[in-house]
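# Architecture at a glance
This is what each chain is made of:
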There are 2 protein chains.
Amino acid sequence: MKTLLLSKEQVGRLISMKEVIGTVEEAYRAFSGGQVIQPDYIGIHLPEPRGGEIDFKVGYCKSNEIISMKASSGGFLDNPTAHGVPNGMGSVLLFDARSCALICVMDGSLLTGLRTGASGAVSVKALARKNARKITCIGTGKQARMQIRAISLVMQIEEIHAWSRSPESRECFKADIEGEFGIPVILADSKQQAVEQADILITTTRGKGPLVEASWVKPGTHIVAIGTDMKGKQEFEPEIFRNAKIVTDSNSQCIDKGETWHPLNAKIIGLDAIHGELGEILLGTKPGRENDEEITIFDSTGMAIQDNTTAEKIYRNALENNVGTFFAFL
Amino acid sequence: MKTLLLSKEQVGRLISMKEVIGTVEEAYRAFSGGQVIQPDYIGIHLPEPRGGEIDFKVGYCKSNEIISMKASSGGFLDNPTAHGVPNGMGSVLLFDARSCALICVMDGSLLTGLRTGASGAVSVKALARKNARKITCIGTGKQARMQIRAISLVMQIEEIHAWSRSPESRECFKADIEGEFGIPVILADSKQQAVEQADILITTTRGKGPLVEASWVKPGTHIVAIGTDMKGKQEFEPEIFRNAKIVTDSNSQCIDKGETWHPLNAKIIGLDAIHGELGEILLGTKPGRENDEEITIFDSTGMAIQDNTTAEKIYRNALENNVGTFFAFL
């Protein structure tokens, strides 16, 4: 019994964003089709003053017969200077679910960024207007770049309006995106100015209170709400959910800790106002966008099963291309 | 950044049972001393008819600054014939808690057996009569052997009385133990006959109902209750807890899913009847055995932190002895 080992550099070479969009679609379909066992994740928050945390996300997908475990850490701020490693890292184990043999150990540092980036693109295909051309980014960090990278593969982006708290981050985002994609980036003076331009509005901040007001969002906008994946985070005025078509990655997760928690908690909507899961739309059991006027919201909290299908594809690609090192643990 | 890889064969050579007894004592002390963060474990039960399960146990120990994750599988009955691997396996990841860098990936197949075996011996040191010489084993599988291996290091065993449901298993146990330790094993015709002989009574079955009756247990006996580590399992008539000194590995786990759950559920004891955790006795904050007449019960459910301290010792021993292979995931 041999286990394949893959380094971060190899993982980066072994999968394209186009493939990740495919694996994330597969994950959503499997999840909403009842093909997934995915326990609540567990985590350890290191005591202050050091801080930092590590989470463990486990998922089993019946359709690929893979069990995955991703450990991912973040917030170890002095890592680069004190330990010569990034402030967040990741590791993934893949088990063959027919025997529970460990078939792969791969670096997982890139995985969360990739599969989260792809989630926005999958929602754009299902929920954005066909004539959408302008994207607004609230938040201009790494994940904003991932969103653009993925969405640029599923639609023609004509311009990007961007806002973030930090002027340096905005300027850097503009230079990077214009350099990589040749798409003009207009830096907004205010959030409102940026949001009013959006066909598609993407939020990727660490916001802990409403950043986007309901009155700024024009009819027909598709919202990709990425930032809120745990209790205490918030990016939107809850009022925005009142007449929108609300789509989640996982109803149970979004009700519990997604952006959707806030309007539920404020009694602005009830549970019956949630249209459904993105996987249900992909499976054809629920409609996607039905007209050019509705505001659609995709609430993404992130699921172990996205790691599962994406890591499995990386593993298969490695085997096909003879990349990686085998080690016999047994 | 390099990660040490250790195979099952290397793990087996890298630690002695005597060292495991030390690491399990360290784990109990750290746990009862508030030095441990240990979330509830998560597991996946594969759907029938295949069956089988895999559990993920995570723990952080402040005193050694290690975060461990052990994945362990079991119940894949056709593995040896269909896949050429054991029906249960394990994998352990160790992270340096100061950076969350992955410092070691080791096979974890031997770990649960070793640290569970050691737990009984730690309890014997703290709770058995000093003149205890006779051990009774109810259950004669792999874990019964581990218990004897560990306990033989902390006391002089003069004879072993053994009972199990299967006559073949009993005979095989007798041959193995007499061969390895030179201790006479007397096979009992009934559980009662075996239990009545015990200075120390060890139960390691998969029992799902009472196997040992209260009236069979003589004063001064120390009970090592290993089998019951989840809801639905049971080895003792709950009455046995009424006047015994009840010691747990973790009060919260044993109340929830250990042997102790049964007398609590039957209202034979209240929570105040639990004497304390073994770690408290090791730390000196609670007394151990106080006279030769009391019946002591050690309820062992197993904790992630035992994996943590034991795997850390294996890792340190590997580094000291230049055993293992380094791989750069980053």
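None of the values given here were measured: they were computed from a predicted structure.

Looking down a regular strand, the side chains alternate between one sheet face and the other. Residues and elements named next belong to chain B. Covered by surrounding structure in strand β13 (residues 222-225) are His 222 and Val 224 together with Ile 223 and Ala 225, the residues of both alternating faces. Note that strand β11 (residues 200-203) and β13 share four bridges and pair parallel. Paired with Ile 200 across the two strands is His 222, which belongs to β13. Relative to strand β17 (residues 296-299), β13 is paired through four bridges, and the arrangement is parallel. Bridge assignment links Val 224 to a residue of β17, and that residue is Phe 298.

The subject of this paragraph is helix α6 (residues 167-181) of chain A. Residues and elements named next belong to chain A. Along its 15 residues, α6 runs 21 Å from first to last C-alpha, staying within 8% of the 21 Å computed at 1.5 Å per residue. Turning to α6, its buried residues number three or more, namely Arg 170, Phe 173 and Ile 177. Each buried residue of α6 lies within a common arc of 60 degrees when the element is viewed along its axis, so the set occupies one face. Turned more than 90 degrees away from the buried face of α6, the exposed residues are Glu 168 and Gly 179. Where α6 is buried, its residues touch β8 (134-138), α5 (142-151), β9 (159-163) and β10 (185-187). Once α6 finishes, Gly 182 follows within two positions and takes phi at roughly 65 degrees, a positive value.

Right, let's get into the domain arrangement of chain A. Residues and elements named next belong to chain A. Assigned domains within chain A: domain 1 (3-112 + 305-327) and domain 2 (127-303). When each unit is reduced to the centre of its C-alpha atoms, the spacing between domain 1 and domain 2 is 25 Å. Counting each side, the surface lost to burial between domain 1 and domain 2 is near 1,500 Å², with a carbon and sulfur contribution of 68%. Counting the contacts that link domain 1 with domain 2 gives zero salt bridges. Contributions of two or more residues to the side of domain 1 that touches domain 2 are made by α2 (17-32) and α11 (304-320). Grouping the amino acids of the side of domain 1 that touches domain 2 by side-chain chemistry returns six nonpolar, four polar and four charged.

Turning our eyes to something else, we now look at the relation of the copies chain B and chain A. Mapping chain B onto chain A leaves a residual RMSD of 0.0 Å; the transformation is a rotation of 180 degrees accompanied by 0.0 Å of translation along its axis. Here the symmetry operator amounts to a two-fold rotation axis. Across chain B, the smallest distance between a C-alpha and the rotation axis is recorded for Ile42(B), namely 3.8 Å.

This next bit is on the interface of chain B and chain A. Chain B puts 50 residues into the contact, and the matching count from chain A is 50 residues. When chain B packs against chain A, the two sides together hide about 4,000 Å² of surface, and 78% of this comes from carbon and sulfur. The tally of links from chain B across to chain A stands at two salt bridges. With a shortest N-O distance of 2.6 Å, Glu65(A) and Arg50(B) are connected by a salt bridge.

Once that is clear, we can look at the sheet that holds strand β8 (residues 134-138) of chain B. Residue and element names in this part refer to chain B. Here we have eight strands laid out as an open sheet, ordered β10-β9-β8-β11-β13-β17-β15-β16, and parallel in their pairing. Only two strands of the sheet have a single partner each, and these edge strands are β10 (185-187) and β16 (274-277). Here the average twist between neighbouring strands, direction ignored, is 20 degrees. Helix α4 (residues 111-127) contacts β11, β13, β15 (245-248) and β17 of the sheet and is inclined by roughly 160 degrees relative to β13. In this fold helix α5 (residues 142-151) packs onto β8, β9 (159-163), β11 and β13, with an angle of close to 160 degrees to the strand it touches most, β8.

Reading the values: the criteria
- Residues numbered from 1 in each chain as written.
- Chains lettered and ligands numbered in written order.
- Predicted model: local features only at pLDDT ≥ 70, side-chain atom pairs only at ≥ 80, totals over all residues.
- Heavy atoms only, no water.
- Buried < 20%, exposed > 50% of the residue type's maximum accessible area, 1.4 Å probe, protein only.
- Helix = DSSP H or I, 4+ residues; strand = E, 2+ residues; numbered from the N terminus.
- Pairing = 2+ DSSP bridges.
- Expected span 1.5 Å × (residues − 1).
- Arc of directions from axis to C-beta.
- Contact = heavy atoms within 4.5 Å.
- Domains from an automatic or database assignment.
- Buried area = accessible area lost by both parts, 1.4 Å probe.
- Salt bridge = Lys/Arg side-chain N within 4 Å of Asp/Glu carboxyl O.
- Nonpolar A, V, L, I, M, F, W, Y, C, P; charged D, E, K, R; others polar.
- Least-squares fit on C-alpha atoms with pLDDT ≥ 70 in both.
- Axes fitted to C-alpha atoms, helices over the stretch in contact; angles between N-to-C directions.

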